[in-house]
Amino acid sequence: MREPEIARRQHPVPQSRRRRIPAGAPPWPVLAILLAALLAPAAGYAQAAVRPELEWRTVRTEHFDLHYPAPAERWTLEVARRMEAVRTAVAEIVGFAPAARVTVIVEDPANVPNGFAIPLIDQSTIVLWPTPVAAPNPLANNRSWWDILAIHEFAHVAHLTRESRNPIQRLLWRLAPARLGPVARRSPRWLTEGYATYVEGRLTSSGRPNSAGRASILRQWALEGRLPSYGALNASSGFYAGSMAYLAGSAYLEWLDERAQRDSAHGRALAPGESFTLLWRRMSARVDRGFDEAFRGVYGESPAALYARFTTEVTGNALAIRDSLAAAGTRQGRLVQRLTYGTGEPAISPDGQLLALVVRDREHPPRLTILAIAGDSAATADSAAAARRAQAEARMLARDPEDVAAIQRFPRPRRVVASLATIDGRAPDRPRFMPNGREVLLVRTEPTGDGSARGDLFLWNFRTDALRRITTGAGIREADPAPDGRSAVGVRCEWGICDVVRIDLSSGATTVIAGGSPDVQFAGVRHAADGRVVVAQQWEGTWRPVLIDRDGSARPVGPADGASRYTPAFTADGGALVTASERGGLVHLERLDLATGAVSPLTRSTGAHFAPEPTPDGRDLYFLALHAGGHDLYRLDAPPGTAESPFGPALGDRFGGDGRLALAPAAPSRLGGTPVEFTTAPVTPHDYREAPRLPLALPLGETSADGTVGGLILATADPVGRLGLLAEGGTGDRSAWRGGRVAGEWRRWPVRVQGELFSARNEPGLNSRATGHAASGALDAEQRGGLVALAWRRQLGSSGASARVGGFAARLDPLGTADPAARGAAFAEMGLAAGRAHDRRFFNQTLRLSGAAGRTDAAAWQRGSATGTLAAGLARAALSVSATLGAISASAPIFEQFAVGGGTVRFVDHAVLGQRVAVPALPTGTLVGDRLFLWRAELTRGLPLGLVPFYLSASTSRGFDVRQRVAGLEWRATFDAIPYVRLPHVDVQAGWSRVLDGPDRGRNVFHAGVAYRP
């Protein structure tokens, strides 16, 4: 759930993973898939969102079980000591708290801020990612990251786990695999996220509701006519579109509650927040109501109608603030480059000729771009682009002299000197020029191999395009080079603690020069020419510049007026700082004199100005400015070397001293005040114990050319997934799979231990459409046995390797005239993957090898196969081609030969029947032989809903002269296990196929299925 915020990085914000499910009976066949798809973390590293092989610890309180890796203990204990107090405070506002224990899991897989809640009535889970948010993100307006994260996520649990008082609804959902309450099922996203944001603001007197960031965004969107419509309030993509559920949603709720407090229709005066409690009670009542009906009963009109009034008032207040600013005098600077989305903060080369920044837009991955800025805009404009535009206009006017050329509203694009694209999904970020002017220091988030990722430092020579890695797995968030070019000072974040570190650029070694804590963090570190360092420090809810002298001593600078100041930068002479400041409630630029501590504003506008970058000669100042489409690059021509304010009175004086008016474009905020101080309680950590919980019941099934099978699974796991267990059983058409198994996987170490006991029966010879060997019943058999295997996997972005070895033993009953026989084999599998992605283009290649040697009755056999896949494409179109070659010893019985057709092998590990080649459109055994050649082509991107058109051709004859072809359209999805909700690994597929050869030529087959692994 990455959402671009004011900050140059795209940080996710806390949110739960719920979607609206209609009232009424639960959708049984798809509930497991919905849980997997909708509740899984949305970060890019969700496949290993919880790493069970880490050294886990546990803290148990009266109502919570907190599980965390040992390195996260310092951060987690701060949460654990206060979690019961958080519960009490949240329950008092929400009017409810679940009686069931809540599981809290702390992980740091992607080194970014995040959190989400899964509000199941009987077993809710909260997942916290401890890496804190840095200013100027609106979420950075907090006393501490753990504080606001724990409040926000538990607010989701308390809000959404009320059980229905309707007896039919309550009964139906108690029978469901996962129990969701009526408020969770019926609430739109803006309501769930907006309400949790409201609670965070009310309890902490900080958070987004009390931030200058929320006010700036809503004000600017209102002035540009870009506030989301009611229907768009739930959007999850686009510049700040995903954040509007939090920002506009919380502001709308505040407006609704204040309106309800003034409304006499309730017969009494409502307390602050009480109207929300009335709404939750109506939504969970015995009378079965939808959200709109429940809303009208509390607020008198529909949510869409009142939202229209709300946006009108927001716009009116924004216009009033704009007019007040205009009367006082505004200073915006001069637009240098019109940009979109979350443009990264600028960096200027030592000679002042070049400017580096990360450019983002809707169509392309982020790109680090170096622009020419010396001289006027005409001298540094992209002349080639201007020439192309002029030629196009000349052709247009030649064809139609009555036409009119478009005006040039914005400055022409600057000439691009060099650029570095996102490579293999690893985007460049936080550029800073080295003293030599030829290299740029930057940060990229790199995979570590265990499923997690960390920010690392790189050095890019933009003249030669050489890129050198400096650190490995260091968790570097940003860095600025020292004047000598041999080291850099940076911010390193790991397990919720951010330190200021010095980094040796030759070895990558780091040394802490200012330590952080769960309540103190750093951001925006910069070097001065004389070796001093400045960094913004968050302390007790306020960001304040801290100056670190050459001797290592540190001291805060600037007035202690309670205003946050961040993204500091030294002026050219080193005697002052230019910072983003929230003094007076407006995000503007300010000059801070280091000798006197005096501050004077440099800019003033309705939006937000941040990320200042003075030029080396001290004559100009570049910065970013917020607009409804992204961040623009601006320049302030007047030198920031004077301490005189161009505005006269301080901003806070004009807006009521503390700037509350500027903070509230929607309505004067009443959430501020004295924050709740959460009492602490002693806690005792102990070693984590693997204790699987009550199993989750889910449906399984498949329909294919073999017939239909249906059944049930029981799955469970401990919260971090060290032990996954699964029992399944099913029956159906005799030509399809029937049977059951018990399987498990132990994930305590990087090498995982797998095992299962199985009984599986398949009689494809009974299928009226079966052909060849299957028709004679040669493949009809029942097996009972067991399997043990060891599995290993290492993933580095789009490249990786995997291996699996094991063996199985079974009793084989051919179900024909042959006698039962013993069957067993040892097997080995290996996978290699390598990929390359550049901007929107990618090329991937994979190789899978498998081999087995075994004995069936008295016949020994060996079998091997290799599958290679090549995939290439662009962002919206991609083609994948794979080919499989296989062979088995000539003495192998028919049962061990390759058999093409049928659906997924059921109730037994795929290694036990590695000779079966699933093609759901064909009956099992359509082709049988001791050789295999199969190739398949797919268009993996380009169609809506993830539909994939495919064409395949298979042959099992020695000369590959007899083939079977199939074409069709499929939808496939794979979801990794989510242990804290007991959900196993899920594979789901559905499609339509047309048979192109054989006696079934021209037949259309619909196939679908869902399968699970521990």
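Reading the values: the criteria
Within each chain, residues carry numbers counting from 1 in the order of the written sequence. Note on the predicted model: pLDDT of at least 70 is required for a residue's local features to be given, and 80 or more for side-chain atom pairs to be given and counted; whole-chain, interface and lining totals, by contrast, use all residues. Calculation of side-chain values draws on the structure's entire complement of heavy atoms; hydrogens and water are dropped beforehand. In this description a helix means any DSSP run of H or I spanning at least four residues, a strand means any run of E spanning at least two, and both kinds are numbered starting from the N terminus. Using a 1.4 Å probe on the protein chains alone, a residue whose accessible area is under 20% of its type maximum counts as buried, one over 50% counts as exposed, and one in between counts as partly exposed. Residue contacts are defined here by distance: any two heavy atoms, one from each residue, within 4.5 Å place the two residues in contact. Working definition of accessibility: Shrake-Rupley area with a 1.4 Å probe, residue cover restricted to the visible protein chains. The criterion for an aromatic pair is that two Phe, Tyr or Trp rings (for Trp, the six-membered ring) have centres within 6.5 Å, with stacked assigned to planes under 30 degrees apart, edge-to-face to planes over 60 apart and tilted to the rest. Contacts described as polar in this section are N or O atom pairs within 3.5 Å, which, within protein, must combine one atom able to donate a hydrogen with one able to accept it, while residues neighboring in sequence count only if both atoms come from side chains. One side-chain nitrogen of Lys or Arg within 4 Å of one carboxyl oxygen of Asp or Glu is enough to make a salt bridge. Cavity means a closed set of points on a 1 Å grid over the protein atoms alone, one where a 1.4 Å probe fits but cannot get out, pocket means an open set with protein on both sides within 12 Å along at least 5 of 7 lines, and lining means a residue has an atom within 4 Å of a point. Grid points are joined across faces, edges and corners, and a volume is the space filled by probe spheres set on the points. Gly is put with the polar residues, along with every residue not named as nonpolar or charged; the nonpolar set is Ala, Val, Leu, Ile, Met, Phe, Trp, Tyr, Cys and Pro, and the charged set is Asp, Glu, Lys and Arg. Throughout, a disulfide means two cysteine sulfur atoms within 2.5 Å of one another. Paired strands, in this sense, are two strands between which DSSP finds at least two bridges. Every angle, taken between N-to-C directions, lies between 0 and 180 degrees, and every axis is a line fitted to C-alpha atoms, over only the stretch in contact when it is a helix. Each patch is built from residues lacking any salt bridge and having more than 30% relative accessible area; the joining distance is 9 Å for like charges and 5 Å for nonpolar side chains (Val, Leu, Ile, Met, Phe, Trp, Tyr).

Novice: Can you lay out the overall build of the chain for me, pointing to particular residues and giving the numbers?
Specialist: Broken down by element type, the chain carries 16 helices and 49 strands. The burial tally for the chain puts 58% of its 1014 residues in the buried class. Across the chain, the fraction of contacts at a sequence separation of at least 24, relative to all contacts at a separation of at least 6, is 59%. Carbon together with sulfur atoms contributes 54% to the accessible area of the chain, which is approximately 38,000 Å² in total.

Novice: Hey, could you go over the packing of aromatic side chains for me, with residue numbers and the actual values?
Specialist: Applying the stated criterion across every chain yields a total of 28 aromatic pairs. Judged by centre distance (6.0 Å) and plane angle (70 degrees), the rings of Trp190 and Tyr230 are edge-to-face. Residue Trp190 is found in helix 6 (residues 189-204), and its partner Tyr230 is found in the loop between helix 7 (212-223) and helix 8 (244-262); the two are separated by 40 residues along the sequence. Residue classification places Trp190 among the buried residues on the basis of a relative accessible area of 0%.

Novice: Explain the side chain of Ser302 residue by residue, including any values.
Specialist: Topologically, Ser302 is positioned in the loop between helix 10 (291-299) and helix 11 (303-328). A distance of 3.1 Å separates a polar atom in the side chain of Ser302 from the backbone nitrogen of Ala305. If we ignore the near neighbours within four places in the chain, the residues touching Ser302 are Phe295 and Arg296.

Novice: Explain unusual backbone geometry residue by residue, including any values.
Specialist: Backbone phi values are negative for most residues with the exception of glycine, while trans is the configuration of most peptide bonds. Residue Pro136 is reached from Ala135 by a cis peptide bond, and omega for that bond is 15 degrees. Within the secondary structure, Pro136 sits in the loop between strand 5 (125-129) and helix 3 (145-160). At Tyr240, a position not held by glycine, the phi torsion is positive, near 60 degrees. Residue position: Tyr240 is located in the loop between helix 7 and helix 8. Judged by its relative accessible area of 0%, Tyr240 falls in the buried class. Here Arg430, not a glycine, exhibits a phi torsion of approximately 55 degrees, which is positive.

Novice: I'd love a proper account of the pattern of salt bridges, names of residues and values included.
Specialist: Enumeration according to the criterion identifies 70 salt bridges in this entry. As a salt-bridge pair, Arg752 and Glu745 come within 3.5 Å of each other at their nearest N and O atoms. Taken together, the shared-partner salt bridges in this structure form one network comprising Glu345, Arg430, Arg432, Glu478, Asp480, Arg526 and Glu613.

Novice: If you had to explain empty space enclosed by the protein to someone new, which residues and values would you point to?
Specialist: Tallying each qualifying case throughout the model produces ten cavities of 30 Å³ or more. Its volume calculated, the largest cavity comes out at about 110 Å³. Every residue lining the largest cavity is counted, 15 residues in all, and those nearest its centre are Glu345, Arg430, Arg432, Glu478 and Arg526. For the lining of the largest cavity, the secondary structure elements donating two or more residues are strand 11 (429-433), strand 15 (476-481), strand 19 (521-527), strand 23 (565-570) and strand 27 (609-614). For the lining of the largest cavity, the per-class residue count stands at six nonpolar, two polar and seven charged.

Novice: Give a description of the state of the cysteines that names residues and reports values.
Specialist: This structure, assessed with the given rule, holds one disulfide. The disulfide partner of Cys493 is Cys498, and the gap between their sulfur atoms is 2.0 Å. The sign of the S-S torsion, about 110 degrees, decides the handedness of the disulfide formed by Cys493 and Cys498: right-handed. You can call Cys498 buried: its relative accessible area is 0%.

Novice: Go over the sheet that holds strand 1 (residues 56-60) with me, naming the residues and quoting the values.
Specialist: Pairing in this open sheet of six strands is mixed, and the strands run 4-5-3-2-1-30 from one edge to the other. Of all strands in the sheet, those with a lone pairing partner are strand 4 (114-118) and strand 30 (686-687), marking the two edges. Note that strand 3 (residues 102-106) and strand 5 share four bridges and pair parallel. Each bridged residue has a counterpart across the sheet, and for Val106 the counterpart in strand 5 is Leu128.

Novice: Now, about the environment of Met83: what can you tell me, with residues and values included?
Specialist: Mapped onto the elements of the fold, Met83 is located in helix 2 (residues 73-94). Note on Met83: relative accessible area 1%, which makes it buried. A C-alpha to C-alpha distance of 9.7 Å links Met83 and Leu66, two positions 17 residues apart in sequence. Contacts of Met83, omitting those with residues within four sequence positions, involve Phe64, Ala150 and Phe154.

Novice: Can you lay out the sheet that holds strand 18 (residues 510-514) for me, pointing to particular residues and giving the numbers?
Specialist: Pairing is antiparallel across the open sheet formed by four strands, whose spatial order is 15-16-17-18. Each edge of the sheet is formed by a strand with only one pairing partner; in this case those strands are strand 15 and strand 18. Taken pair by pair, the neighbouring strands of this sheet meet at an average axis angle of 30 degrees, ignoring direction. Two strands pair when backbone bridges link them, and strand 15 and strand 16 (residues 487-494) are joined in this way by five bridges, in the antiparallel orientation. Pairing of Glu478 across the sheet is with Val491, part of strand 16.

Novice: Go over the pairing of strand 21 (residues 542-548) with me, naming the residues and quoting the values.
Specialist: Looking down a regular strand, the side chains alternate between one sheet face and the other. In terms of burial, strand 21 is largely enclosed, as five of its seven residues are buried. Pairing between strand 20 (residues 533-539) and strand 21: seven bridges, direction antiparallel. Residue pairing for strand 21: Gln538 is matched across the bridge by Trp543. Here strand 20 folds back onto strand 21 in antiparallel fashion, the turn holding two residues, of which Glu540 has a positive phi close to 55 degrees. As paired elements, strand 21 and strand 22 (residues 554-556) share three bridges and run antiparallel to each other. Bridged to Leu547 within strand 22 is Arg555.

Novice: Quick one: what's the story with a nonpolar patch on the surface, residue by residue and with numbers?
Specialist: On the surface, a cluster of nonpolar side chains totalling about 500 Å² of accessible area is made up of Trp749, Val751, Val753, Leu790, Trp792 and Val805. Looking at where Trp792 falls in the secondary structure, it is placed in strand 36 (residues 781-796). Given a relative accessible area of 35%, Trp792 falls into the partly exposed group.

It is worth stressing that arrangement in space is one thing and function is another; only the former is reported here.
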